[in-house]
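# Coordinates in review
Take a look at the letters that make up each chain.
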Amino acid sequence: MGFSTSLQGQASHEALLGRQDAEIKLLETMKRCLTTKVKSDREYASTISSLSIQGKKVERYDDLAGSLITQSWKDIMDSIDQTARLIKQQADSMESLVVEHIGNLYTERRKARKLYQEEQTWLSNQFQQLTDDVARKKTEYQKNLEAYKLTRARFEEHYVNRGRGGRKLDDVREKYQKACRKLHLTHNEYVLLLGAVAECEHDLRSCYLPSLLRRQQTIHEEFIVAWKRILQNTVKYSDFTSEKFQEIHARVQAAVDSIKPLEEYKDFIGKHRTRPASPLRFTFDENLVDDTSGKLLPNKLTVDNLTIDWLRSRLNELENSLKSTLQNRQATQSSNENTCDPRMTMLDYSREREELRLRCQEKKLQRQVEVIRGALNELGCEELPSGCDLSMEGSFAEPPPVIKGPCGINNSNNDQKSNGGLMEEEWFHGVLPREEVVRLLVVEGDFLVRETMRNDECQIVLSVCWDGHKHFIVQITPEGHYRFEGPTFPTIPELIKHQWQSGLPVTSRSGAILKTPIPRERWELNNDDVILIEKIGRGNFGDVYKAQLRSCKTEVAVKTCKVTLPDEQKRKFLQEGRILKQYDHPNIVKLIGICVQKQPIMIVMELVPGGSLLTYLRKNASTITTGEQLGMCRDAAAGMSYLESKFCIHRDLAARNCLVGYDSNVKISDFGMSREEEEYIVSDGMKQIPIKWTAPEALNFGKYTSLCDVWSYGVLVWEIFSKGGNPYSGMSNSQAREKIDAGYRLPSPDGTPEEVYRLMLRCWEYEPEKRPHFDQIYTIVETFCLAFNPPNIV
Ligand code: ADP
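Under an unreviewed UniProt entry, the protein has the name Tyrosine-protein kinase and belongs to Cotesia glomerata. Taken verbatim from the UniProt record of the protein, the Catalytic activity (unreviewed entry) comment is "L-tyrosyl-[protein] + ATP = O-phospho-L-tyrosyl-[protein] + ADP + H(+)".

Now the structure itself:
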């Protein structure tokens, strides 16, 4: 079955023409589409090629050295570039090997169709020609037949009717013979024509037409071969999965596969390696608490009457926050556990981060809770220290107040009874400040009892040296009995004795055991031993009274400390007593004792009847003699020489701080600023420093030695000879400082012996080492005195 046998009919012929038209149309469409494809492939190639160039321009490439991700990215960009080139090559091939060939095929296809159509036309013309020939011959045949029939009829008619004969008959006969011959000729021609036409028709139909159709089939099939080749090329040049592409893909795939998270930052880490982060240290700046004299300790919570309520409510707040933080953290943890995917997704990561943050928050809260709980537990039944004794209202002022026992413990018979004679106990130290108490408790187990005020309430406190110092408040039961953690007792002495003799710890937590009761020092007088008489002066801490000792009626001077002052100030106040109690010298004011059994605390000292030297000089300026002045200088030098030998630096030597006794005898007083050290460096600023009396090295570097006192002594001598004058009068403190640094010195007061002024100048040597020591000064002044006050006159 083929064209030659199956497509002989007219309909087939027309269908074949139609088919060829359709194929030509298809070729047109293919050409148009593939041209567009070539164009768009080229554009695509060009676009991705330029993007790959941009992609390869990696910014801050140096910072990414060694990064496999970066390398892979560059490989991907290279592969895109290579792909672009391949696509372009393919587009070029598509154009030259496909689009152009389609064009050729199209032209040939049209030519072939035309040829086919021409041949078909010729063939059908041939058939038509044959038909026309036969028809023409047949018509001629029929016409001749008619003519024959007519002439025969005429002849027969003439022949039958011979009578007529003659010429007419011959004529008719001739015509008849002619027509007969023409008919017979025509008949023969017709026969011959029919034979020939049949032969021709047979040949055209059975030979020519099949041959034409066969050729057509060959041509069609050849076209199909060419067309197929074109389509194969189309497929070939449209194939982006070919080996070449696969090679590029494989290369880039290998590059990406080579990315290993562990390797990625290897070079980076090597290049930027640093030491592990050292912890930020948050240390307590101990300078902050310098001025608080131990009330505030570095890194230790202060639990006192000022902070206790805040601490409790803060603890409560923190515990609540801690609870909710813990709950949140547990919730986050359990949702983390529910995550099935073992890989760390971003969600997991943010959960983990949230958990870590909560953990940090929890630790912060936990720590604060622990610290506060620890501080509160540590307190136990221990005394709540007073942050600032403002609760002790009312200052001690004129007229001399009736001194009351703050707790009522020791000022009524009933109380005395109920406390079983606490006052009489050697180890009861009254209101001795906590800081003083601490100083007395040295060995583990040393203990004493004292009283303190809190919120207008008297508390009895047992202080023990145990792992530092512990202070326990004696608890009072509703029945009015006393206890710590153990059994109750009707009186405090019984409680303390039980605690001491049983050897049991005061509280199980502290483990503090009482071993050695520390008795009152001989200096610790009973407040009731002193009767205040009249106010004779006003000091920094309170008023100064003339008083009498109840026992021996000796007149004494009593310095009082205002009850409103904070404990710290009371401690400073007592410091003068602590220093003075060690000294015994005619030119140093003598300490008789301190009264700390109740408020106000007092320092009892010898009464120096002339009062302050400054007032004395001013009052007696007109009558005072040089001999007297020299005697004062000698006394002061004797007192200071004694202090120097005891390594005591006074730091505030001035006429206002010296007292005048009988016979103008001068005594050094006011040891409030004194220090028992060879050298003392001030670190807490230079507040309340008597600038005009202080040596430059102390002002400039805070360095105090006895040679600084020597400088002050020079000023004291100047005050004595100026009869109470104001040094550097008309200059401010800072002006005086500047001038002294520049070399200026106080001028010699009128009437000052030259040698004395020379001594002053030696005391004011800028370099402390060049100044004389007090023993030298004493010797020098003693010599002057002897010169001015011969022994027989004195
Ligand atoms: P403070 O050291 O508190 O400043 P002072 O020692 O300067 O107190 O004393 C204040 C005043 O009290 C002195 O100027 C003096 O008049 C008087 N005074 C102090 N102590 C005595 C004493 N022992 N004998 C006589 N009067 C004294």
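To continue, consider the nonpolar core. Within the largest apolar cluster, 87 residues are counted, with the highest numbers of intra-cluster contacts made by Leu613, Phe671, Tyr713, Leu716, Trp764 and Ile777. At eleven residues, the largest contribution of residues to this core is made by helix α17 (residues 706-721).

Within the secondary structure, Ser645 is located in helix α15 (residues 626-645). Taking C-alpha positions, Ser645 is 9.5 Å from Ser706, a pair spaced 61 residues apart along the chain. A distance of 2.5 Å separates a polar atom in the side chain of Ser645 from the backbone oxygen of Tyr642.

Attention now goes to empty space enclosed by the protein. In total, this model carries two cavities of 30 Å³ or more according to the counting rule given. A volume near 50 Å³ is recorded for the largest cavity. Around the largest cavity sit Glu436, Arg439, Glu521, Trp523, Leu574, Gly577, Arg578, Lys581, Leu591 and Ile594, which together line it. Of all the secondary-structure elements, those providing two or more residues to the lining of the largest cavity are α11 (434-440), α13 (567-580) and β11 (591-595). Ranked by the residues each element gives to the lining of the largest cavity, the list is headed by α13, at three residues. By volume, the second largest cavity is sized at about 30 Å³.

Looking now at the pairing of β11. Counting buried residues in β11 gives four out of five residues, a clear majority hidden from the surface. Pairing between strand β7 (residues 524-525) and β11: two bridges, direction parallel. Each bridged residue has a counterpart across the sheet, and for Leu525 the counterpart in β11 is Cys595. What sits between the antiparallel neighbours β11 and strand β12 (residues 602-606) is a turn of six residues.

Quick look at unusual backbone geometry now. The residue Asn299 is not glycine, and still its phi comes out positive at about 60°. Residue position: Asn299 is located in the loop between α7 (266-272) and α8 (308-337). Located in the positive-phi region is Asp467, a residue other than glycine, with phi close to 50°. The residue Asp467 is located in the loop between β2 (457-465) and β3 (469-473) in this model.

The rules we used
Residues numbered from 1 in each chain as written. Predicted model: local features only at pLDDT ≥ 70, side-chain atom pairs only at ≥ 80, totals over all residues. Heavy atoms only, no water. UniProt positions renumbered as here; feature names shortened; annotations may be inferred. Core = buried A, V, L, I, M, F, W, Y, C linked by side-chain atoms within 4.5 Å. Buried < 20%, exposed > 50% of the residue type's maximum accessible area, 1.4 Å probe, protein only. Helix = DSSP H or I, 4+ residues; strand = E, 2+ residues; numbered from the N terminus. Polar contact = N/O pair within 3.5 Å; in protein donor to acceptor, adjacent residues only side chain to side chain. 1 Å grid on protein atoms, 1.4 Å probe; cavity = no way out; pocket = protein on both sides within 12 Å on 5 of 7 lines; lining within 4 Å. Points joined across faces, edges and corners; volume = space filled by probe spheres on them. Pairing = 2+ DSSP bridges.

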